[in-house]
Amino acid sequence: MSTDEKQQTTPTHVDGEWVDPGLPYHRPRRADVDPKAAKRAERQVAVLFGISILGTIASIAVYFAQDQTEEVASIRLVNGLLGASLFLAMIGIGIGAIHWARTLMRDHEMIEERHPMRSSDEGRAGAIQNLKDGAEDSGLTTSRRTLLKGSLITAVAIAPLAVLVPQIGNMGGDWNVSQFRHTMWKKGTRLARDPDGTPIKASDVTIGSVFHVIPEGLNELEHGKLEEKAKAIVLLIRMDPAALNLQPGKEDWSFDGIIAYSKVCTHVGCPVALYEQQTHHLLCPCHQSTFDVANGAKVIFGPAKRPLPQLPIAVDDEGYIVAQSDFHEPVGPSYWDRLKGTTPEPTAAASNEGADA
Amino acid sequence: MNALARRRYSKSAPVILVLMLLAALTAIGFAASGSPAKASTATANDVAEGQKLFAANCASCHGMDAQGTEGVAPSLIGVGAAAVNFQVGTGRMPAQQSGPQVQAKRPQFAQPQIDQLAAYVASLGEGPAVPTAEMVDPALGDPAVGMEIFRTNCAMCHGSIGGGGALTQGKFAPNLWSTSNTHIFEAMLVGPQSMPVFNDANITPENKRNIIAYLDFQKQGSPGGLPLGSIGPVAEGFWGWLVALGLIIASTVYVGARAS
């Protein structure tokens, strides 16, 4: 405000009272004083609108003239031309309209005076009297009409239930949390390759290998295939048996360095599958939780709180890898009553060292 | 608003700023091209020449008999010709320096020398061989099948279209667009560095070729829009916040400014 030409001559305060400085100095635009400039601005606006018209015509022309094939390059060309012509069609109108308003339309400053917000005293008194009369008339403020009062309060109080009951009833769909505790794995289920479902032989899994595993028979399910897959996915890893620290109580859960863990992160359930062969670290792509596969998949970094559940495996007569049982704890993120009804796991994480976390 | 209109800064400043950002962001994400490799049959002479090359260039870490050095370099007995062709052919070996991950660089040997080295290492113990040109020909593979296999086994580290991604503690999965088809095949076979092994029992040779076909398909580029390195929400968010928001601010200043 200090650079305002008018305010340099007009004091803002007189005897401590604020003085309305009035409107700033009106600076005419070039188009206001120079007819040539006005003519030029008019032409500029017309050219901008003309660009829009050309853009629209070009857009329609591209649409009809396109010879689009399956080739990515051809799709990219058509998309690019359509986008560019649509851009010109829109931006021409927009910039043209603004340029018109800025250079040619009236630019006189306008003042809208404020008026007092308060109503007159008579109006205020009348409004209060109306409310009082209404309350008196209804009988709600006296002991009359108790039946009407009671029924009204009841009606208003229970009306929201018409909306709330169906809402709450639909929430979550199924409240049976016991289905979280079980997956498709059971004794003797073969471990199969994701996605084709062929079973895996122990001899297929060479040291350093990672197999993405689904239970055999999952692909044959007719209902709930994705739900079952989401719970049952497993990562099968083989490392040098000397590098693998078997966890107390789980000594016979792996086979000659072949070990299987749930692929569902114990934090919020992302698929944990970024396996680093040399460090035996397993990384979750969502929040960087890192599990040490060589040490019971214990958490060495990130927000996850629990090790990944291990799937006990064995090898059957034909050499295929099979599950010994289902997981011994629910897979995936924590939820209420998670460990209800399960046998307590031996706490293994504390007894082993070797992870360079 | 009057104050804003009367400030005599350059009105083109926001536009220039946005253009500079556009130029800087567009420049991100270009990589050098890889070198092709082909299979060849090794002779006794190749093995002898390879042994000389090995003694001169590799033995200081891997040992004179390629038995490895504890804590420094692994044994190369049984890694096969494929591992040598990948490691030396992508320039990862001889390693420039130790670090979280040995990185690809310009190959230090010509292909005939790489073949001799591979022949020597292959003579030490049985291991995966260098694939033939037919085994890695993307024209013979099915990109749609390859996509399914890639999505299950590779995408978590290398990204859904092979753009690469970060691992832990400075390690990363490289992008695969400039890697030669032979090297992609060999990497699956031998599992270099952090990468796990995907042997032929896990991903069949046909499916490996399908994966190569899928990755080769990505070289056609994106059908629309800027890929921004195809590394996901970080680059896209960066673009949205800086460029899109910058354009909105610039147009707001333009609309609000007074004409001269």
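Scroll up to find the structure.
Engineer: Explanation requested: the sheet that holds strand β8 (residues 281-283) of chain A in the structure shown.
Structural biologist: Remark on secondary structure: sheet strands pair via backbone hydrogen bonds, oriented parallel or antiparallel. Residues and elements named next belong to chain A. Spatially, β7-β8-β9-β10 is the arrangement adopted by the four strands of the open sheet, whose pairing is antiparallel. Either end of the sheet is taken by a strand with one partner, and the two such strands are β7 (274-276) and β10 (298-301). Between one strand and the next, the sheet's axes are offset by a mean angle of 30 degrees, whatever the strand orientation. As judged from the three bridges shared by strand β9 (residues 290-292) and β10, these two strands associate in the antiparallel manner. Its bridge partner lying in β10, Asp292 is registered against Lys298.

Engineer: Would you mind going over the interface of chain A and chain B with me for this structure?
Structural biologist: How big an interface is tends to be stated in terms of accessible area lost as the parts join. At the interface, 38 residues of chain A touch 36 residues of chain B. Buried surface at the junction of chain A and chain B, both sides included, amounts to about 3300 Å², of which 49% is carbon and sulfur. In this assembly, chain A and chain B are joined by two salt bridges. In this structure, Lys171 of chain B and Glu276 of chain A form a salt bridge, with 3.3 Å as the shortest nitrogen-oxygen distance. Taken together, the connections running from chain A to chain B amount to 18 residue pairs in polar contact (both at pLDDT 80 or more). Secondary structure elements with two or more residues in the side of chain A that touches chain B: α3 (72-103), β4 (210-215) and β7 of chain A. For the side of chain A that touches chain B, the leading source of residues is α3 of chain A, giving nine residues. In terms of residue class, the side of chain A that touches chain B is built from 13 nonpolar, twelve polar and 13 charged.

Engineer: Would you take a moment to explain the sheet that holds strand β3 (residues 191-193) of chain A for this structure?
Structural biologist: Residues and elements named next belong to chain A. Read across the sheet, four strands follow the order β3-β4-β5-β6 without closing on themselves; strand pairing throughout is antiparallel. On the outer flanks of this sheet lie β3 and β6 (258-262), each paired with one strand and no other. When the angles between neighbouring strand axes are averaged without regard to direction, this sheet yields 40 degrees.

Engineer: Would you take a moment to explain the packing of aromatic side chains for this structure?
Structural biologist: Tallied over the full model, the rule gives four aromatic pairs over all chains. Ring geometry for Phe54 of chain B and Tyr120 of chain B: centres 5.2 Å apart, planes at 55 degrees, overall tilted. Residue Phe54 of chain B is found in helix α3 (residues 44-57), and its partner Tyr120 of chain B is found in helix α6 (residues 111-124); the two are separated by 66 residues along the sequence. Classification of Tyr120 of chain B as buried rests on a relative accessible area of 4%. The ring of Tyr320 of chain A is capped by Lys201 of chain A, whose NZ or CZ atom sits 5.3 Å from the centre of that ring. The cationic tip of Lys208 of chain B hangs over the ring face of Phe185 of chain B; the distance from NZ or CZ to the ring centre is 5.9 Å.

Engineer: Where do I start with the pattern of salt bridges in this structure?
Structural biologist: Where side chains of opposite charge bring their charged atoms close, a pairing between them can arise. Tallying each qualifying case throughout the model produces 15 salt bridges over all chains. The residue Asp107 of chain A makes a salt bridge to Arg29 of chain A at a minimum N-O spacing of 3.5 Å. Of the two residues, Asp107 of chain A sits in the loop between α3 and α4 (121-138) while Arg29 of chain A sits in the loop between β2 (17-18) and α1 (30-33), which places them 78 residues apart along the sequence. Among the residues examined, Asp107 of chain A registers a relative accessible area of 18% and is labelled buried. The salt bridge involving Asp200 of chain B is made with Lys208 of chain B; its shortest N-O contact spans 2.7 Å. When its relative accessible area of 36% is taken as the criterion, Asp200 of chain B is described as partly exposed.

The rules we used
- Residues numbered from 1 in each chain as written.
- Chains lettered and ligands numbered in written order.
- Predicted model: local features only at pLDDT ≥ 70, side-chain atom pairs only at ≥ 80, totals over all residues.
- Heavy atoms only, no water.
- Pairing = 2+ DSSP bridges.
- Helix = DSSP H or I, 4+ residues; strand = E, 2+ residues; numbered from the N terminus.
- Axes fitted to C-alpha atoms, helices over the stretch in contact; angles between N-to-C directions.
- Contact = heavy atoms within 4.5 Å.
- Buried area = accessible area lost by both parts, 1.4 Å probe.
- Salt bridge = Lys/Arg side-chain N within 4 Å of Asp/Glu carboxyl O.
- Polar contact = N/O pair within 3.5 Å; in protein donor to acceptor, adjacent residues only side chain to side chain.
- Nonpolar A, V, L, I, M, F, W, Y, C, P; charged D, E, K, R; others polar.
- Phe/Tyr/Trp six-rings, centres within 6.5 Å; stacked < 30°, edge-to-face > 60°.
- Buried < 20%, exposed > 50% of the residue type's maximum accessible area, 1.4 Å probe, protein only.
- Lys NZ or Arg CZ within 6 Å of the ring centre and 35° of its normal.

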